[in-house]
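# Understanding the architecture of this molecule
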Amino acid sequence: MGPHPAVAAIRLAVRRVLHDILTDHHSTPDALAHERPPSPLVLVACSGGADSMALASALAFEAPRLGVRAGGVTVDHGLQAGSDLRADEVVLRLRELGLDPVEATAVTVGREGGPEAAARDARYAALDDAADRHGAAAILLGHTRDDQAETVLLGLARGSGIRSLSGMAAVSGAGGRYRRPFLQLDRQTARKACMVQSLPVWDDPHNTDPAYTRSRLRHEGLPALEKALGKGVVEALARTAQLSRDDADALDAWAGRAEAAVRDNAGLLECAKLYALPPAVRRRILRRAAIEAGAPAGSLFARHIEEIDRLITGWRGQGVINLPGKVVAQRQGGRLVIRQG
C-alpha cells in the first residue's frame, strides 16, 4: 500500500521542484567544468506550522532519493513570549526528520511598512543570509494555494495593478533562490499530511489575530466570498494569479525592449515617444526609471506613477513631482527628468 494521498501529493510537489533544482545546478558553468558536480544543498524554511512541517517532511523523504542534501532553517521573530524556545523545538523536529544542517536564527523586526511587512523583510533577510553561509542552491517555502488566493485579494484591495494580482511566483529571489512547491496544493492537504505522519505542528496565534489584515481576510473575508459566490473561489483566485503573472511578465518584457527606443542620446526619456506607447508599457518604464533614481519600490504606489504619467499625457505646465526616497520628476524641454531632489 502506498502513502496516504495527502502525503503522496506533497512528496510529488517537492520531487518536481528538486528535479528543477538539479537541472539548474547541473547546467551551471561550475558544474559543467566537473564530471561529478557536488550535490546541491536545499534548505526548507520552517516555522513549525502545518504547511512548512509538511514541506520539511517531504523534503527529508525525497532529497536523499535524488542525491540532494537537505537542511532547514527556522526564524525567530521575537514577537511572542517563548519564541526562542519554540524555535529550538522546530530545530529538534527538523533534525529528527534527518535534515542537516539545521539552525534557528533570531531577527529584530522593525516597523517600516507595518508589522506584517516588517516581519517578512526581516525573515527574508535572515533566509538569504543562511543560504549564503551554507551555500544553498535553493530555499523551499511552504506557501499554499490558499496563501496565493489571500495574496491576490490583498493586491486587489490595494489597487496596485496586474503585477500585484499575480501573487507569489513559484520561483523568485536572486538566481531563483526561493521555490514554492505547494502553490497548487490547498492548506488542508498539508495539514492532513502532517496528521497522518503524526508530525507535531504549531499554530501561530498571529494567524487568528484580527489585528492582522491577512488574518481577517483568511477567517472573515474568504469565507464570506465563498458563502456569496460558492465553492471554488480559492482555486479561481489562484488561477487568476497565474494568468495575471503571465500577462505582467509579457508587459514587463515589452517595456524592457521599448525603453531604449524612448531615450535620447543623453539617456533622457523623450515625452513624445513615451506618449506613443500603450499606457501599461509606458507606466512600467516610468516606474523603473523612478526606482533607478532611488525611489524605494515598496513605497512607490500607483498614484505616484499616475502623477508622473500626467507629465506626458496631460501636460499643463505642472511643476516638480515629489516621489518617495527624495526623488523628483519634472518635464523639461520635452524630456522627462527623474532624479534625486
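Residues numbered from 1 in each chain as written. Predicted model: local features only at pLDDT ≥ 70, side-chain atom pairs only at ≥ 80, totals over all residues. Heavy atoms only, no water.

### Quick word on the packing of helix α1 (residues 5–26) against helix α3 (residues 50–66)
Look at α1 against α3: their axes get within 9 Å of each other, and the N-to-C directions meet at 50°. Considering their axes alone, α1 and α3 lie oblique with respect to each other. Considering only the axes of α1 and α3, their crossing is right-handed. Along its contact with α1, which presents Ile10, Arg11, Val14, Arg15, Leu18, His19 and Leu22, the element α3 presents Ala54, Leu55, Ser57, Ala58, Leu59, Phe61, Glu62, Ala63 and Leu66. Within the contact of α1 with α3, the residues separate by chemical class into eleven nonpolar, two polar and three charged. (Axes fitted to C-alpha atoms, helices over the stretch in contact; angles between N-to-C directions. Helix = DSSP H or I, 4+ residues; strand = E, 2+ residues; numbered from the N terminus. Parallel < 35°, antiparallel > 145°, perpendicular 65-115°, else oblique. Left-handed = near helix turned anticlockwise from the far one by under 90°. Contact = heavy atoms within 4.5 Å. Nonpolar A, V, L, I, M, F, W, Y, C, P; charged D, E, K, R; others polar.)

### A few points about helix α4 (residues 83–96)
The first and last C-alpha atoms of α4 sit 20 Å apart over 14 residues, in line with the 20 Å expected at 1.5 Å per residue. A positive backbone phi angle near 100° is found at glycine 98, which sits one or two residues after α4. (Expected span 1.5 Å × (residues − 1).)

### Remarks on the pattern of salt bridges
As enumerated under the stated definition, the model contains 26 salt bridges in all. With a closest N to O distance of 3.0 Å, aspartate 24 and arginine 179 form a salt bridge. Taken together, the residues span a long stretch of sequence, with aspartate 24 in helix α1 and arginine 179 in strand β6 (residues 178–179) at a distance of 155 residues. Taking relative accessible area as the criterion, aspartate 24 reaches 39% and is therefore assigned partly exposed. Two residues, aspartate 129 and arginine 133, come together in a salt bridge whose shortest N-O distance is 2.8 Å. Of the two residues, aspartate 129 and arginine 133 are both situated in helix α5 (residues 115–134); the distance of four residues between them amounts to about one turn of the helix. By relative accessible area, aspartate 129 is classed as partly exposed at 38%. Several salt bridges converge on common partners, so that one network encompasses Asp147, Glu150, Arg187, Arg214 and Arg218. (Salt bridge = Lys/Arg side-chain N within 4 Å of Asp/Glu carboxyl O. Buried < 20%, exposed > 50% of the residue type's maximum accessible area, 1.4 Å probe, protein only.)

### Describing α1
Compared with an ideal rise of 1.5 Å per residue, which puts 22 residues at 32 Å, α1 spans 31 Å between its outermost C-alpha atoms and is within 8% of the ideal. Residues of α1 that are buried: Ala6, Val7, Ile10, Arg11, Ala13, Val14, Val17, Leu18, Ile21, Leu22 and His25.

### Observations regarding the sheet that holds strand β9 (residues 327–332)
What links the strands of a sheet is backbone hydrogen bonding, and the strands pair in either a parallel or an antiparallel sense. Taken in spatial order, the four strands of this open sheet run β7-β10-β9-β8, and their pairing is antiparallel. Looking at which strands have only one partner, the edges of the open sheet turn out to be β7 (269–270) and β8 (321–323). Bridge analysis of β9 against strand β10 (residues 335–340) gives six bridges, and the strand direction is antiparallel. Residue glutamine 332 lies in a different strand from β10, and its bridge partner there is arginine 335. Relative to β10, helix α12 (residues 279–292) is tilted by about 35°, and along the sheet it contacts β7, β8, β9 and β10. (Pairing = 2+ DSSP bridges.)

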